[in-house]
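Each chain, letter by letter, is given below.
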Amino acid sequence: MHTVAVLSLKGGVGKTTVVLGLASAALRRGVRTLVVDLDPQCNATSALEPEETEASLFDVLENPTRSTLRAAIAPSAWGEEIDVLVGTEDGEAHNNHDPGVKQLHRLSDALAKVNGVLSEDELPYQVVLLDCPPSLGRLTRSALVAADRALLVTEPTIFAVSGVQRAFEAVQNEREHTNPELQPLGVVVNRVRPRSHEHQFRINELRDIFGPLVMPVSLPDRLAVQQAQGACTPIHQWGTPGAREVALAFNLLLARVLRSARSRRKEQDLEEFEESEADL
């Protein structure tokens, strides 16, 4: 199971759009995926229209047991490959800015058990997408503690570039202090207009700052994204030329996520081999 935190420390840049686009690409490819809605605005939960649950993310962070986790996860309306650990406005109560170590690890403790709550006829999750709020409180930090990779989202604007710089610093800080396995997956630029000189200037600025971490694929600014979200429909099923263009970008982005998962497994296999050799 490969866990990816999707974040920025500026609101409105499209973190949930990226999570939903990746979920749509995963659905098309048949990749079993769990979306964890950490944002108290709960936009991912609303768009995915899961079945009613007896618990939510709030309860999981209060008590990360198997029974609570099972009660907080529901199938989405998109298809059987996509489930949701549903968000709630009450989640804001967990978003304090000075959490203890145990609080920071409750989400990772819960996700470690997540495939164990599935029934025998259900396939295990291959990818977990963590939709983070645009602030560096407990919710976002919990995601970084639980994640294998961090995908940073930005727009090609001056304030969004500043926000993604702060997010990168947050990733590095959690990697240093709480989660040494965490790696930045990359920076994806959202809502790009190719003919905008300002957008091209900001993309070049991002490449100067982050180098190869800036994804070679960017997400074009297309009305189809808002239309599909408003209809609670995967972008791959919207069917307009703009939707097909965006869907192709998300296919490439998902491929990057899956490659990083394979790379991580190879690293783990190598570490296990080296440990076994050292024991001989």
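Quantities reported herein were computed from a predicted structural model and do not represent experimental measurements.

A. A look at the packing of aromatic side chains. Scanning all chains against the criterion turns up one aromatic pair. Considering the side-chain rings of Phe-168 and Phe-210, the 5.4 Å spacing of their centres and the 70 degrees angle between planes classify their relative orientation as edge-to-face. Pair noted here: Phe-168 is in helix α7 (residues 158-177) and Phe-210 is in helix α8 (residues 197-210), with a separation of 42 residues, a long-range link. Its relative accessible area of 21% is what places Phe-168 among the partly exposed residues. Classification of Phe-210 as buried rests on a relative accessible area of 8%.

B. Region of interest: helix α9 (residues 223-230). Looking at α9, one finds that the buried residues are Ala-224, Val-225 and Ala-228. The arc enclosing the buried residues of α9, seen along the axis, measures out at 105 degrees, which places them on a common side. In α9, the exposed positions angled more than 90 degrees off the buried face are occupied by Leu-223 and Gly-230. Looking one or two residues beyond α9, the residue adopting positive phi is Cys-232, at roughly 55 degrees.

C. Just unusual backbone geometry, in detail. One non-glycine residue, Arg-191, lies in the positive phi region at around 60 degrees. Checked against the element boundaries, Arg-191 lands in the loop between β7 (183-189) and α8. Not every positive phi belongs to a glycine, and Cys-232 is a case in point at roughly 55 degrees. Positionally, Cys-232 belongs in the loop between α9 and α10 (241-279). The exposure class of Cys-232 is buried, given its relative accessible area of 19%.

D. Seen up close, helix α1 (residues 15-29). In this model α1 runs 21 Å from its N-terminal to its C-terminal C-alpha over 15 residues, within 8% of the 21 Å that 1.5 Å per residue would give. A large share of α1 lies buried, amounting to 13 of its 15 residues. Positive phi appears at Gly-30, one or two residues downstream of α1, with a value of about 75 degrees.

E. Structural detail: the nonpolar core. By size, the foremost hydrophobic cluster in this structure holds 44 residues, and its most contacted members are Leu-7, Leu-34, Val-36, Leu-38, Leu-85 and Leu-130. By residue number, the principal contributor to this core is α7, which donates five residues. When residues no more than four places from it in sequence are discounted, the contact partners of Leu-130 are Thr-3, Val-4, Ala-5, Val-6, Val-36, Leu-38, Leu-111, Ala-143, Ala-146 and Ala-147. One finds Ala-26, Ala-47, Val-127 and Met-215 within the second-largest nonpolar core, a separate group that totals 43 residues.

F. Geometry of the sheet that holds strand β2 (residues 33-37). Read across the sheet, seven strands follow the order β3-β4-β2-β5-β1-β6-β7 without closing on themselves; strand pairing throughout is mixed. Two strands lie at the open edges of the sheet, namely β3 (73-75) and β7, each paired on one side alone. Each strand of the sheet is rotated relative to its neighbour by a mean of 25 degrees, with strand direction disregarded. Pairing of β2 with strand β5 (residues 127-131) involves five bridges; the strand directions are parallel. Across the sheet, Thr-33 pairs through a bridge with Val-127, a residue of β5. Here helix α6 (residues 138-146) sits on the sheet in contact with β1 (2-7), β5 and β6 (149-154), set at roughly 150 degrees to β1. Packed on one face of the sheet, α7 meets β1, β6 and β7 and runs near 170 degrees to β6.

G. Structural detail: the state of the cysteines. Tallied over the full model, the rule gives zero disulfides. This cysteine, Cys-42, is not joined by any disulfide, and Cys-232 carries the nearest cysteine sulfur, 14 Å off. Overall, the relative accessible area of 9% leaves Cys-42 in the buried class.

Basis of the calculations
- Residues numbered from 1 in each chain as written.
- Predicted model: local features only at pLDDT ≥ 70, side-chain atom pairs only at ≥ 80, totals over all residues.
- Heavy atoms only, no water.
- Phe/Tyr/Trp six-rings, centres within 6.5 Å; stacked < 30°, edge-to-face > 60°.
- Helix = DSSP H or I, 4+ residues; strand = E, 2+ residues; numbered from the N terminus.
- Buried < 20%, exposed > 50% of the residue type's maximum accessible area, 1.4 Å probe, protein only.
- Arc of directions from axis to C-beta.
- Expected span 1.5 Å × (residues − 1).
- Core = buried A, V, L, I, M, F, W, Y, C linked by side-chain atoms within 4.5 Å.
- Contact = heavy atoms within 4.5 Å.
- Pairing = 2+ DSSP bridges.
- Axes fitted to C-alpha atoms, helices over the stretch in contact; angles between N-to-C directions.
- Disulfide = S-S within 2.5 Å.

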